[in-house]
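Take a look at the letters that make up each chain.
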Amino acid sequence: SAVISQKPSRDICQRGTSLTIQCQVDSQVTMMFWYRQQPGQSLTLIATANQGSEATYESGFVIDKFPISRPNLTFSTLTVSNMSPEDSSIYLCSVDRPRAEAFFGQGTRLTVV
Amino acid sequence: GNSVTQMEGPVTLSEEAFLTINCTYTATGYPSLFWYVQYPGEGLQLLLKATKADDKGSNKGFEATYRKETTSFHLEKGSVQVSDSAVYFCALHSGAGSYQLTFGKGTKLSVIP
């Protein structure tokens, strides 16, 4: 299993500002994932973060808007840049392994006003 | 590509009623299948899983059987409680070396006393 600490747990931000979300895992993992869960919706993968290389972004998500860092095997950050109300969502980091279950952080509930 | 189709919610049941939430999937290879639960204000937690055909996952009174012939993984519980009120997500993990989970849209369950 893996224990994932994510912070902040929630924030209210002004439009045009940026927020950096941190994700700390209690063990070394190869891949970390960032998801967005818009209100009443399922999870959408934003990007996959592999230590030592640039993150791989899914269709509809770009590095300028969602820059990701992965400085070591237990930590990653996701920044939501130049925020607008449409960015109000829950952001979740996750780790998993092939054919095994994924483990999720508690999520960051972001409200942009 | 991979996809998961879940029955639309919301679902409202009386306490002690029988629950079924349907889930069907399409996938390449031999996926692992999961049910995740999200309680109000919390992140996702693994509820149960099955990694091969005919496996039955079970936890907290919930069960789901991996049916390859019908590509289904329906969630069932014989007697729901108010504390089961949550959003339930069906997900698959492709067996083709992929780390990425594919989620259904989620089904919101409300159990009333």
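Up top is the structure.
All values derive from a computational prediction rather than experimental measurement.

Criteria and cut-off values
Residues numbered from 1 in each chain as written. Chains lettered and ligands numbered in written order. Predicted model: local features only at pLDDT ≥ 70, side-chain atom pairs only at ≥ 80, totals over all residues. Heavy atoms only, no water. Helix = DSSP H or I, 4+ residues; strand = E, 2+ residues; numbered from the N terminus. Buried < 20%, exposed > 50% of the residue type's maximum accessible area, 1.4 Å probe, protein only. Polar contact = N/O pair within 3.5 Å; in protein donor to acceptor, adjacent residues only side chain to side chain. Contact = heavy atoms within 4.5 Å. Pairing = 2+ DSSP bridges. Axes fitted to C-alpha atoms, helices over the stretch in contact; angles between N-to-C directions. Salt bridge = Lys/Arg side-chain N within 4 Å of Asp/Glu carboxyl O.

Once that is clear, we can look at the side chain of Lys77 of chain B. Residue and element names in this part refer to chain B. Position of Lys77 relative to the elements: it lies in strand 9 (residues 75–77). Relative accessible area serves as the criterion here: at 10%, Lys77 is assigned to the buried category. Side chain to side chain, Lys77 and Asp84 meet in a polar contact 2.8 Å long. Non-local contacts of Lys77, meaning those with residues more than four positions away in its chain, are made with Ala17, Phe18, Leu19, Lys60, Gly61, Phe62 and Asp84.

Turning our eyes to something else, we now look at the sheet that holds strand 9 of chain B. All names here are of chain B. The strand order across the open sheet formed by four strands is 3-9-8-7, and the pairing between neighbours is antiparallel. Edge positions in the open sheet fall to strand 3 (19–21) and strand 7 (56–59), since each of these has one partner strand only. Sheet twist, expressed as the mean angle between neighbouring strand axes with direction ignored, is 15°. As judged from the three bridges shared by strand 8 (residues 62–65) and strand 9, these two strands associate in the antiparallel manner. When the bridges of strand 9 are listed, Phe62 appears paired with Lys77.

On to the pattern of salt bridges, then. Two side chains that carry opposite charge are able to pair once their charged atoms sit near each other. Residue and element names in this part refer to chain A. Summed over the entire model, instances satisfying the criterion amount to four salt bridges over all chains. Put simply, Lys65 and Asp87 hold a salt bridge, and the shortest N to O gap is 2.6 Å. Of this pair, Lys65 sits in the loop between strand 6 (56–57) and strand 7 (68–72) while Asp87 sits in the loop between strand 8 (75–80) and strand 9 (89–95), and the two are 22 residues apart along the sequence.

The next thing to look at is the pairing of strand 12 (residues 107–112) of chain B. Successive residues of a regular strand alternate their side chains across the two faces of the sheet. All names here are of chain B. A one-sided burial pattern is seen for strand 12, the buried positions being Thr107, Leu109 and Val111 and the unburied ones Lys108, Ser110 and Ile112. Bridge analysis of strand 2 (residues 11–14) against strand 12 gives four bridges, and the strand direction is parallel. Bridge pairing links Ser14 to Ile112 in strand 12.

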